[in-house]
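Summary of structural features
Residues per chain, in single letters:
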Amino acid sequence: MKPLSRLLVKRDWRHGERIPRTGGVIIAANHLSWTDPVLLSHFLFNNGRWPVILAKSALFRVPLLGRAVTGLLAIPVERGSSEAAKSLRISSQRLQDGCAILFYPEGTCTRDPGLWPMVGKTGAARLALESGAPVIPVAHWGAQELLPYGEKKPRLFPRKTFHVSVGPPVDLSKYAGRPPRASVLHEATADIMAAITAQLAELRGEKAPETPYDPAGR
């Protein structure tokens, strides 16, 4: 994956030293393109962590790709089924084993017209509060220029730059000891998404929207 990443993009990597080198950790990132996992995995690997990715279960059934994601220890996610919670149980065990879980709290590539992070789903927050693992917010920019969401043909030229910025751990201490009710999980998720958005605003040199885009229209 590293040679492919080097071939596809130039690099602007910031604050990699903020990623813990050992122990279970949740890497929470924004999602812009299907190329995100490859480019972000290169960044994480070069900063001392093997990224364990949560991936749609359908990918595990694709010839060759399925073998690759299985070999990379990816965790299958069954969307919209009773098996969806299984991915969190596996993730919790991987955190206990000291893995770095790469989480996209939005659950899919952003649909925000300005490509800012959307309202997140609560899985990453639930996992963090139950496990006590630190949440490291990571924002990236540029993958959408290489392969815009919904397109199948990459735009290789001119060569794009993949920008990454890592923030300090998200402070979730105010939720410690509180029952994991929906309101608590939504508040913690909002804190995680705000931290990711702050890093993206720094990368883009722009002010983020006051309210994140909600695809459900809530």
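Scroll up to find the structure.
Scope of this entry: the structure provided in the associated data block. (Residues numbered from 1 in each chain as written. Predicted model: local features only at pLDDT ≥ 70, side-chain atom pairs only at ≥ 80, totals over all residues. Heavy atoms only, no water.)

1. Quick notes on the overall build of the chain
Scanning the chain from N- to C-terminus turns up seven helices and seven strands. In the chain, the succession of helices and strands from N to C terminus is α-β-β-α-β-α-β-α-β-α-β-α-β-α. The C-alpha radius of gyration computed for the chain amounts to 16 Å, which stays within 12% of the reference 17 Å derived for 218 residues, consistent with globular compactness. Once the C-alpha set of the chain is aligned to its principal axes, its extents read approximately 50 × 40 × 35 Å. Within the chain, buried positions represent 45% of all 218 residues. (Helix = DSSP H or I, 4+ residues; strand = E, 2+ residues; numbered from the N terminus. Rg over C-alpha atoms; globule rule 2.2 N^0.38 Å. Buried < 20%, exposed > 50% of the residue type's maximum accessible area, 1.4 Å probe, protein only.)

2. Observations regarding the pattern of salt bridges
This structure, assessed with the given rule, holds six salt bridges. For D191, the salt bridge is made with K174, and the minimal N-O distance between the two is 3.6 Å. Placement of D191 in helix α7 (residues 182-204) and of K174 in the loop between β7 (160-166) and α7 is noted, with a sequence separation of 17 residues between them. (Salt bridge = Lys/Arg side-chain N within 4 Å of Asp/Glu carboxyl O.)

3. Some remarks on the packing of aromatic side chains
In the structure shown here, the tally under the stated rule is three aromatic pairs. Ring geometry for W34 and Y149: centres 5.7 Å apart, planes at 70°, overall edge-to-face. Of this pair, W34 sits in the loop between β2 (25-29) and α2 (36-46) while Y149 sits in the loop between α6 (143-146) and β7, and the two are 115 residues apart along the sequence. Note on W34: relative accessible area 45%, which makes it partly exposed. An angle of 80° between the planes, with centres 6.1 Å apart, marks the rings of F45 and W50 as edge-to-face. For F45, a relative accessible area of 40% puts it in the partly exposed group. Judged by its relative accessible area of 41%, W50 falls in the partly exposed class. (Phe/Tyr/Trp six-rings, centres within 6.5 Å; stacked < 30°, edge-to-face > 60°.)

4. Examining a nonpolar patch on the surface
On the surface, a nonpolar cluster with roughly 290 Å² of combined accessible area is contributed by F45, W50 and L73. Here L73 is to be found in the loop between α3 (65-71) and β4 (75-77). (Patch = residues over 30% accessible without salt bridge, like charges linked within 9 Å, V, L, I, M, F, W, Y side chains within 5 Å. Areas by Shrake-Rupley, 256 points an atom, 1.4 Å probe, with all protein chains shown as cover.)

Nothing here speaks to function; it is geometry throughout.
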